[in-house]
Amino acid sequence: MLHSTRIAGLGFYVPERIVKNDELTQYMETSDTWIQERTGIKERRYAKRYEETTTTMGVKAAEVAIERAGITAQDVDFIVFATLSPDYYFPGCGVLLQRAMGMKEVGALDVRNQCSGFIYALSVADQFVKTGMYKNVLVVGAEFHSCGLDFSTRGRNVSVIFGDGAGAAILQPSENPEEGILSTHLHSDGSAAEELSYLNPGCHGGHWIDDQTRLSEYPSADSMDSILITPDMMEKEQIYPYMNGQAVFKKAVVKFPEVIMEALGRNGLTPADIDVLVPHQANLRISQFVQRTLRLPDEKVVNNIQRFGNTTAASIPIALTEAWEQGRIKKGDLVCLAAFGSGFTWASALIRW
Ligand code: UT7
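Residues numbered from 1 in each chain as written. Predicted model: local features only at pLDDT ≥ 70, side-chain atom pairs only at ≥ 80, totals over all residues. Heavy atoms only, no water.

Chemist: For the pattern of salt bridges, give the residues involved together with the corresponding values.
Modeler: Across all of its chains, the model carries 12 salt bridges by this definition. When the shortest N-O distance is used, the salt bridge between Lys20 and Glu43 registers 2.7 Å. Taken together, the residues Lys20 in strand β2 (residues 17-20) and Glu43 in strand β3 (residues 43-46) connect sequence positions 23 residues apart. Here Glu179 makes a salt bridge to Lys331, at a shortest N to O gap of 3.2 Å. Here Glu179 is found in the loop between β7 (165-174) and β8 (180-188), whereas its partner Lys331 is found in the loop between α11 (315-325) and β12 (334-341), with 152 residues between them in sequence. Classification of Lys331 as exposed rests on a relative accessible area of 66%. (Salt bridge = Lys/Arg side-chain N within 4 Å of Asp/Glu carboxyl O. Helix = DSSP H or I, 4+ residues; strand = E, 2+ residues; numbered from the N terminus. Buried < 20%, exposed > 50% of the residue type's maximum accessible area, 1.4 Å probe, protein only.)

Written as structure tokens, this is what we have:
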């Protein structure tokens, strides 16, 4: 029997350390004015190095979500953890969270869909709950960006945007078909995969693979040296994230409205039916563009990028939790989540609260 899936508990955690735009001017050529005008960001949080990790932040968010759902960590029967900044290359953060929270030997799945990660994770969890396979699924989105950014002027277009934090949700079956996740919509287009990427360490050995390039064409193809991280990569400092900001921006402002309209269309609804839109906090300018396109009033759109920057997989659960805590989401409301980011991947979810 198919159930509907409701969000039974939400939580978030952001590190204590507030990094204002002015602090970044100590490390790179930038300014508070530039950052605010182009992105809307005033400050972001940075995790405490060697004390906090993506997993520890995820645990703190999960503890709140679990408590609010009225369950304990022992009741969780599946974990879906979305991040692009895992503690280790492998294993993923899901098992680390399972260990840290002393959970039962439940399944732990790691999702790698960057800014769309939380909606992808939510969609996976929804399928398990709907079919009756699991009763308490923990979905986490968490990021520790500040551990791997290029804080020199060269990396400024990326580094000023990103912040650290975590958000979590507990998904449960509901007997009420009127409430819960109405639908989720997932998309990808890998043709521009490298336009927003962090390529190393990877098996490409410094030469990424596309239709035109094959590893065998390189003279060192027979060598048995490790190519995950080579001295050449270190020397050329190819160890940071890269973003073609304008290309990402142009695609985002098309795909955000498109995937929201897809979700509304699937459910016979229109933008006017949305009570609360929680967009991935990529850039305030992108959210404002989406808001104008859908003709939504300010009070229906959740923006907190000003205080937290872009926290990738964590941004939607953090913004959703804040909106819920502030009483902006009421029973019966139509809540829309939407994201676009690296991959490219994009996604939306419609939830009847
Ligand atoms: O969440 C994942 C998805 N990510 C996104 O959706 C991000 C999408 N893209 C963006 O948000 C914007 O493209 C950025 C905020 C990243 C950049 O804004 P932009 O208006 O596209 O700037 P730009 O990259 O075209 O750069 C304009 C100028 C350049 O200088 P010149 O060549 O005109 O002299 C940059 O070097 O601004 C310069 N610049 C900066 N200046 C001061 C780039 N970053 C900075 C900076 N501070 N931090």
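Now that the structure is up, let's keep going.
Chemist: Would you mind going over the site of the ligand in detail, with residue names and values included?
Modeler: Around the ligand sit 21 residues, and of these Thr30, Arg38, Gln246, Asn283 and Asn310 come closest. Within the side chain of His280, one N or O atom sits 2.9 Å away from an oxygen atom of the ligand. Here an oxygen atom of the ligand and a side-chain polar atom of Asn283 are 2.6 Å apart. Contact with the protein chains covers 73% of the free accessible surface of the ligand, which is 950 Å². Here the shell around the ligand gets four residues from one element, more than from any other, and that element is helix α8 (residues 245-266). (Near = heavy atom within 4 Å. Polar contact = N/O pair within 3.5 Å; in protein donor to acceptor, adjacent residues only side chain to side chain. Areas by Shrake-Rupley, 256 points an atom, 1.4 Å probe, with all protein chains shown as cover.)

Chemist: I'd like to hear about the sheet that holds strand β6 (residues 137-143), residue by residue, with values.
Modeler: With respect to topology, five strands assemble into an open sheet ordered β1-β7-β6-β4-β5, the strand pairing being mixed. Each edge of the sheet is formed by a strand with only one pairing partner; in this case those strands are β1 (4-13) and β5 (107-111). The average angle at which neighbouring strand axes cross in this sheet is 20°, direction not considered. On top of the sheet, helix α5 (residues 117-130) reaches β1, β4 (78-82), β5, β6 and β7; it is set at about 170° to β6, its chief contact. Sitting on the sheet, α11 is in contact with β1, β6 and β7, with an inclination near 95° to β1. (Pairing = 2+ DSSP bridges. Axes fitted to C-alpha atoms, helices over the stretch in contact; angles between N-to-C directions. Contact = heavy atoms within 4.5 Å.)

Chemist: Explain the side chain of Glu322 to me, using residue names and the numbers behind them.
Modeler: With respect to the helices and strands, Glu322 occurs in helix α11. The class for Glu322 is buried, based on a relative accessible area of 10%. Those residues in contact with Glu322 that sit more than four places away from it in its chain are Phe12, Asn304, Arg307 and Phe308.

Chemist: An account of unusual backbone geometry is needed here, citing residue identities and associated values.
Modeler: Of the consecutive residues Phe90 and Pro91, the connecting peptide bond is found in the cis state with omega at 0°. Within the secondary structure layout, Pro91 lies in the loop between β4 and α4 (93-100). Cis geometry marks the peptide bond from Asn200 to Pro201, where omega comes out at 0°. With respect to the element layout, Pro201 can be found in the loop between β9 (196-197) and α7 (231-235). Positive phi is not limited to glycine here, since Tyr50 has a value of about 70°. For Tyr50, a relative accessible area of 85% corresponds to the exposed category. Not every positive phi belongs to a glycine, and Thr312 is a case in point at roughly 50°. In this structure, Thr312 sits in the loop between α10 (305-308) and α11. Looking at Thr312, the relative accessible area reads 1%, which means it is buried.

Chemist: For the environment of Arg156, give the residues involved together with the corresponding values.
Modeler: Looking at where Arg156 falls in the secondary structure, it is placed in helix α6 (residues 156-159). C-alpha separation for the pair Arg156 and Glu29, spaced 127 residues apart in sequence, amounts to 7.7 Å. Beyond its immediate stretch of four places on either side in the chain, Arg156 contacts Met28 and Glu29.

Chemist: Residue-level account of the packing of α8 against helix α9 (residues 284-294), with values.
Modeler: Where α8 meets α9, the closest approach of the two axes is 10 Å, and the angle between their N-to-C directions is 40°. By the angle between their axes, α8 is oblique relative to α9. Relative to α9, α8 is oriented so that their crossing is right-handed. Contacts between α8 and α9 involve Phe249, Ala252, Val253, Phe256, Pro257, Ile260 and Met261 from the first element and Arg285, Ile286, Phe289, Val290, Thr293 and Leu294 from the second. Split into classes, the residues belonging to the contact of α8 with α9 amount to 11 nonpolar, one polar and one charged. (Parallel < 35°, antiparallel > 145°, perpendicular 65-115°, else oblique. Left-handed = near helix turned anticlockwise from the far one by under 90°. Nonpolar A, V, L, I, M, F, W, Y, C, P; charged D, E, K, R; others polar.)

Chemist: Give me the state of the cysteines: which residues, what numbers.
Modeler: For the coordinates displayed, the defined rule picks out zero disulfides. Not part of a disulfide, Cys93 finds its nearest cysteine sulfur in Cys147, a span of 11 Å. By relative accessible area, which is 47% here, Cys147 ends up partly exposed. (Disulfide = S-S within 2.5 Å.)

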